[in-house]
Amino acid sequence: MHTQDFPQLASVEKIQEGFESFGYICSDKIATAVFLAFQLRKPILVEGPPGVGKTELAKTTAQLLETPLIRLQCYEGLDEAKALYEWKYGKQLLYTQVLKEKLGDLLQGAQGLAESVERLHQFGDIFYSEEFLEPRPLLKAMQQERGAILLIDEVDKSDYEFESLLLEILSDYQISIPEIGTVKARTSPMVFLTSNNTRDISDALKRRCLHLYIPFPTVELEERIVRSRVPDVEEHLRHQLVEFVHSLRQLDLKKIPAISETIDWARSLLLLHADQLEEELVRSTLNVLLKFEDDIESTDGELGKLVREARE
């Protein structure tokens, strides 16, 4: 992926403007990391708590560049067959049956065992050609003519063995398929790896990547995000609800409300024709923000105080 083909990433300012046009409000730090990752042709490892926009960053970049988004969701036990490629065994089996029926015709005129085996060997090679190859996300991203956005989501959920596979691919953007040989990327994809920090990523993989940590946004930035996604919410209510969510994040909760919950709550308050926060209104809609009943119950005694502080 070259700069002249994607002027949308020509500067930090252009990136911020482009992202904002798709409703993704980002800080200078995020835009700068995307700019450098593109210019240096390096993957970007995006870390941070769940719900701060790590996955959305890759999705918005794909929208901005009008390129395919190819996503690999990581999990424990992920292997090459699901991440890289596998053979179309059903198709191979079908062709084997056809070959068996035509075996007499194929071997007609063959002189001796050696020549018969040689003829069969030619068909064996066909069974392990690209025609019978089923590309998975990593290989599919390298097959795109104009490049792609490759999102390797929640890489911290995969095993260390899978990280070793990633190291080989991300170093030269090529893979070795024993039956075919080395397959190089037609155009190197722009790679985003996300992590929720459930385990440490290996130093070797971190060295391959630019690092970006996205924390929860400031009040001012989150207000901009809510204004972009829910523009009909009045300014004073928007300020109150964002302040309230930030106060919730200071409590000892099982699951802290993410930006997506803030947006959902803003939409909910809009549907309920709210013009400011009221304690009973907050209590009746708290399940939009908090996903565990224990969190809702433990917060109940603090609601009056939190609402007053948000309104002030």
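Source: prediction; values computed, not measured. (Residues numbered from 1 in each chain as written. Predicted model: local features only at pLDDT ≥ 70, side-chain atom pairs only at ≥ 80, totals over all residues. Heavy atoms only, no water.)

### Section: the overall build of the protein chain
A tally of regular secondary structure across the protein chain gives 16 helices and nine strands. Expressed as a percentage of its 312 residues, the buried residues of the protein chain come to 47%. Long-range pairs, those at least 24 residues apart, make up 76% of the contacts in the protein chain with a sequence separation of at least 6. Per element, the accessible surface of the protein chain, about 16200 Å² overall, is 49% carbon and sulfur. (Helix = DSSP H or I, 4+ residues; strand = E, 2+ residues; numbered from the N terminus. Buried < 20%, exposed > 50% of the residue type's maximum accessible area, 1.4 Å probe, protein only. Contact = heavy atoms within 4.5 Å. Areas by Shrake-Rupley, 256 points an atom, 1.4 Å probe, with all protein chains shown as cover.)

### Some remarks on a negative patch on the surface
A cluster of acidic residues, D79, E80, E168 and D172, forms a negative patch on the protein surface. Structurally, D172 can be placed in helix α9 (residues 160-172). What makes D172 exposed here is its relative accessible area of 52%. (Patch = residues over 30% accessible without salt bridge, like charges linked within 9 Å, V, L, I, M, F, W, Y side chains within 5 Å. Salt bridge = Lys/Arg side-chain N within 4 Å of Asp/Glu carboxyl O. Lys, Arg positive; Asp, Glu negative; His and termini not counted. Charge placed at Lys NZ, Arg CZ, Asp CG, Glu CD.)

### Notes on the side chain of E223
Along the chain, the position of E223 falls in helix α11 (residues 219-229). Summary of buried charges: E223 has no salt-bridge partner, and the nearest side chain of opposite charge, R238, is 4.3 Å away.

### Things to note about the sheet that holds strand β5 (residues 149-153)
Read across the open sheet, the five strands follow the order β2-β5-β8-β1-β9; overall the sheet is parallel. At either end of the open sheet lies a strand with only one pairing partner, and these are β2 (69-73) and β9 (210-213). On average, each strand axis in the sheet is inclined to that of its neighbour by 20°, with strand direction left out of account. Its contacts with the sheet put α9 on β2, β5 and β8 (190-195), and the angle it makes with β8 is roughly 160°. (Pairing = 2+ DSSP bridges. Axes fitted to C-alpha atoms, helices over the stretch in contact; angles between N-to-C directions.)

### Some points on the nonpolar core
With 33 residues, the main nonpolar core has L138, I152, V155, F162, L166, L193 and L205 as its most contacted residues. Of all elements in the fold, only β2, α8 (137-142), β5, α9, β6 (174-177) and β8 reach the threshold of two or more residues within this core. Setting aside its immediate chain neighbours within four residues, I152 contacts L72, C74, L138, F162, L166, V191, F192, L193 and T194. Counting 32 residues, the second largest nonpolar core, distinct from the first, contains V226, V233, V245 and L290. (Core = buried A, V, L, I, M, F, W, Y, C linked by side-chain atoms within 4.5 Å.)

### Some words on helix α1 (residues 12-21)
Listed in full, the buried residues belonging to α1 are V12, I15, G18 and F19. Mapping the buried residues of α1 onto a view down its axis gives an arc of 130°, with all of them on the same face. Every exposed residue of α1 that faces more than 90 degrees away from the buried side is listed here: E13, E17 and S21. Where α1 is buried, its residues meet α2 (28-40) and α3 (54-65). Phi turns positive one or two residues past the end of α1, at G23, with a value near 85°. (Arc of directions from axis to C-beta.)

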